[in-house]
Protein chains: 2
Amino acid sequence: MGSEDADSREAIIEATYDALRKHGYTAMTMQDIADEFGKSKSLLHYHYDTKDELLVAFIEQIVDEFEAEIESDEGMPPTERLRTLLDRFVFGPDDEEREAFHVALLELRTQAPYDEEYRDAFDRADRIFRDTLARIVADGIERGEFRDVDPDRTARLLASAIGGARTRQITLDDAAYTVEVRDALVEEYVEGLLLVDDHRDGGGDGEDGKR
Amino acid sequence: MGSEDADSREAIIEATYDALRKHGYTAMTMQDIADEFGKSKSLLHYHYDTKDELLVAFIEQIVDEFEAEIESDEGMPPTERLRTLLDRFVFGPDDEEREAFHVALLELRTQAPYDEEYRDAFDRADRIFRDTLARIVADGIERGEFRDVDPDRTARLLASAIGGARTRQITLDDAAYTVEVRDALVEEYVEGLLLVDDHRDGGGDGEDGKR
């Protein structure tokens, strides 16, 4: 692929993001993407045959970006890294654009049972999130900061809870919901169950008595 | 409404269930429902003007049934009732039909941001589930079986985790996922954190030493 083609594809991915958050997946057409792209629908079709082909490429790009983003937290101590990762899933009061985009992503996910390529793309996204959570938990256990739990099981529980909270928040306009569930996870599950007593000061930096 | 009309409406709701699990929400047409109904599309339109009007009535009926179902558990002791309620969200290996139906329900939920009536119907469903969870937790605290947690917060965490697990299971064909998360919730969160030490025998019936 020439660099001009690569530039076009990048611009198309950008345009798809804008079209998705404006129209949602179900209602969005190739013409809507072309309008955001500022170029003809035929140029769009030169790069991607169908809306679904374009959207699979789009999800793969989003997942790559998510993977790079969470890898950048790798140097942090386990408790801080766990909080930072959960925080990435929280929407703030000014995040309406991000929320609209995530509604469209959830619409796309509901098409996964009917389409193997969507299924593979979302499965990869889930696994990256869950494997990262499990690695953080395993790291915390190794350092003696976390109790000896099953890292994969803990990762599934945390990923499900934060994912379920987000689904409610974005579909039912319940703006505080993910924050509330994140707080419950951190204060009850992480601090109340996961951290060994010596580390229950909220910092996870090994200093005692900071309460 | 005459009893003949009521019978027709009940048959239409049944037909909608079958059409939804066969076609999903996005692809399903009024004709698909009429085909399952075994009567004309015009009779369908006599009862419901649009597909969305029919689907809102359909969701309301489903939520009523769910409410009646979980009310029937009211006599149980808190720990048993909590397990029974979480179990209702688990799909077994023979539940492909129910899974297909819940994919369609999730598709419908993704339309809630664009439609207030859908939003209200799903919000009611969420609240019934969460309020029931909170009442069970409050009951357990009152009886001295559960630690003194915030019942609403615990309910949000449990509801989010089981809902998030289900979303992954049904969209990505991950058949064991909800069972795994339910087990993690029961064994780690309920038994490890919620139950006071005297009741950690898994039965919640107040007899000690059954381990």
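Residues numbered from 1 in each chain as written. Chains lettered and ligands numbered in written order. Predicted model: local features only at pLDDT ≥ 70, side-chain atom pairs only at ≥ 80, totals over all residues. Heavy atoms only, no water.

Caption draft 1: Layout of the overall build of chain A. From N to C terminus, chain A includes 9 helices and 0 strands. Starting at the N terminus and walking to the C terminus, you meet the elements of chain A as α-α-α-α-α-α-α-α-α. On the principal axes, the C-alpha backbone points of chain A span a range of 65 × 40 × 30 Å. Among the 211 residues that make up chain A, the fraction classed as buried is 51%. When the accessible surface of chain A is summed, it comes to about 9,600 Å², and 41% of that surface belongs to carbon and sulfur atoms. Side-chain charges in chain A split into 26 positive and 54 negative, and the spacing between the mean points of these groups amounts to 3 Å. (Helix = DSSP H or I, 4+ residues; strand = E, 2+ residues; numbered from the N terminus. Buried < 20%, exposed > 50% of the residue type's maximum accessible area, 1.4 Å probe, protein only. Areas by Shrake-Rupley, 256 points an atom, 1.4 Å probe, with all protein chains shown as cover. Lys, Arg positive; Asp, Glu negative; His and termini not counted. Charge placed at Lys NZ, Arg CZ, Asp CG, Glu CD.)

Caption draft 2: Local environment of the relation of the copies chain B and chain A. Least-squares fitting of chain B to chain A yields an RMSD of 0.0 Å, with the superposition described by an axial translation of 0.0 Å and a rotation of 180 degrees. A rotation of that kind, with that shift, is consistent with a two-fold axis. By residue overlap, the copies meet face to face through one surface: 100% of the interface positions of chain B are interface positions in chain A. (Least-squares fit on C-alpha atoms with pLDDT ≥ 70 in both. Contact = heavy atoms within 4.5 Å.)

Caption draft 3: Seen up close, the nonpolar core. Of all hydrophobic cores here, the largest spans 122 residues; its most connected members are Leu20(A), Leu108(A), Leu20(B) and Leu108(B). The biggest single contributor to this core is helix 7 (residues 116-142) of chain A, with 11 residues. The contact partners of Leu20(B), leaving out residues within four places of it in the chain, are Tyr25(B), Met28(B), Leu55(B), Phe58(B), Phe101(B), Ala104(B) and Leu108(B). (Core = buried A, V, L, I, M, F, W, Y, C linked by side-chain atoms within 4.5 Å.)

Caption draft 4: Quick look at the packing of helix 8 (residues 151-172) of chain A against helix 7 (residues 116-142) of chain B. Remark: helix 8 of chain A packs on helix 7 of chain B, axes separated minimally by 10 Å, with the N-to-C direction vectors making an angle of 145 degrees. The handedness of the crossing between helix 8 of chain A and helix 7 of chain B comes out as left-handed. Taken together, the residues of helix 7 of chain B that come into contact with helix 8 of chain A (itself represented by Arg168(A), Thr171(A) and Leu172(A)) are Arg119(B), Phe122(B), Asp123(B), Asp126(B), Arg127(B) and Arg130(B). Each residue belonging to the contact of helix 8 of chain A with helix 7 of chain B can be placed in one class, and the counts come to 2 nonpolar, 1 polar and 6 charged. (Axes fitted to C-alpha atoms, helices over the stretch in contact; angles between N-to-C directions. Left-handed = near helix turned anticlockwise from the far one by under 90°. Nonpolar A, V, L, I, M, F, W, Y, C, P; charged D, E, K, R; others polar.)

Caption draft 5: Geometry of the packing of aromatic side chains. All names here are of chain A. Applying the stated criterion to the full structure yields 10 aromatic pairs over all chains. When the ring of Phe66 is compared with that of Phe129, the centres are 6.3 Å apart and the planes differ by 65 degrees; the resulting orientation is edge-to-face. Of the two residues, Phe66 sits in helix 4 (residues 51-71) while Phe129 sits in helix 7, which places them 63 residues apart along the sequence. Looking at Phe66, the relative accessible area reads 17%, which means it is buried. (Phe/Tyr/Trp six-rings, centres within 6.5 Å; stacked < 30°, edge-to-face > 60°.)

Caption draft 6: View of a negative patch on the surface. Residue and element names in this part refer to chain A. On the surface, a cluster of negative charge is contributed by Asp49, Asp52, Glu53, Glu60, Glu116, Glu117 and Asp120. At the level of secondary structure, the elements contributing two or more residues to the negative patch comprise helix 4 and helix 7. As for its placement among the helices and strands, Asp120 is situated in helix 7. (Patch = residues over 30% accessible without salt bridge, like charges linked within 9 Å, V, L, I, M, F, W, Y side chains within 5 Å. Salt bridge = Lys/Arg side-chain N within 4 Å of Asp/Glu carboxyl O.)

Caption draft 7: Representation of the interface of chain B and chain A in the model. Contacts between the two partners involve 42 residues from chain B and, on the opposite side, 42 residues from chain A. Both faces considered, chain B and chain A share a buried interface measuring about 3,700 Å² in area, 58% of it formed by carbon and sulfur atoms. Broken down residue by residue, the surface that chain B buries against chain A is led by Arg153(B), Leu172(B) and Glu188(B), which jointly contribute 17%. Viewed at the interface, chain A and chain B are joined by 8 salt bridges. Of the charged contacts, one joins Arg168(B) and Asp126(A) as a salt bridge, the two residues approaching to 2.6 Å between their closest N and O atoms. (Buried area = accessible area lost by both parts, 1.4 Å probe.)

Caption draft 8: Structural view of the side chain of Lys51(A). All names here are of chain A. Inspection of the secondary structure assignment puts Lys51 in helix 4. A polar contact is formed between the side chain of Lys51 and the backbone oxygen of Tyr25, at a distance of 3.0 Å. What Lys51 contacts, discounting residues up to four positions off in sequence, is Tyr25, Thr26, Met28 and Met30. (Polar contact = N/O pair within 3.5 Å; in protein donor to acceptor, adjacent residues only side chain to side chain.)

Caption draft 9: Region of interest: unusual backbone geometry. With a phi close to 55 degrees, Asp173(A) is a non-glycine residue in the positive phi region. Locating Asp173(A) in the fold gives a position in the loop between helix 8 and helix 9 (177-194).

Caption draft 10: The arrangement of the side chain of Glu188(A) in detail. Topologically, Glu188(A) is positioned in helix 9. Lacking a salt bridge, the buried Glu188(A) has Arg153(B) as its closest oppositely charged neighbour, with an N-O distance of 4.1 Å. Setting aside chain neighbours within four positions, we find Glu188(A) in contact with Asp183(A), Leu193(A), Arg153(B), Thr154(B), Tyr189(B) and Leu193(B).

Caption draft 11: Layout of helix 8 (residues 151-172) of chain B. Residue and element names in this part refer to chain B. In a regular helix each residue adds 1.5 Å, so 22 residues correspond to 32 Å; helix 8 covers 32 Å between its end C-alpha atoms and thus fits that length. Counting buried positions over the 22 residues of helix 8 gives 19, a clear majority of the element. For helix 8, the N-terminal cap is Asp150; the gap from its side-chain oxygen to the backbone nitrogen of Asp152 is 3.0 Å. With its phi angle positive at about 60 degrees, Asp173 sits one or two positions after the end of helix 8. (Expected span 1.5 Å × (residues − 1).)

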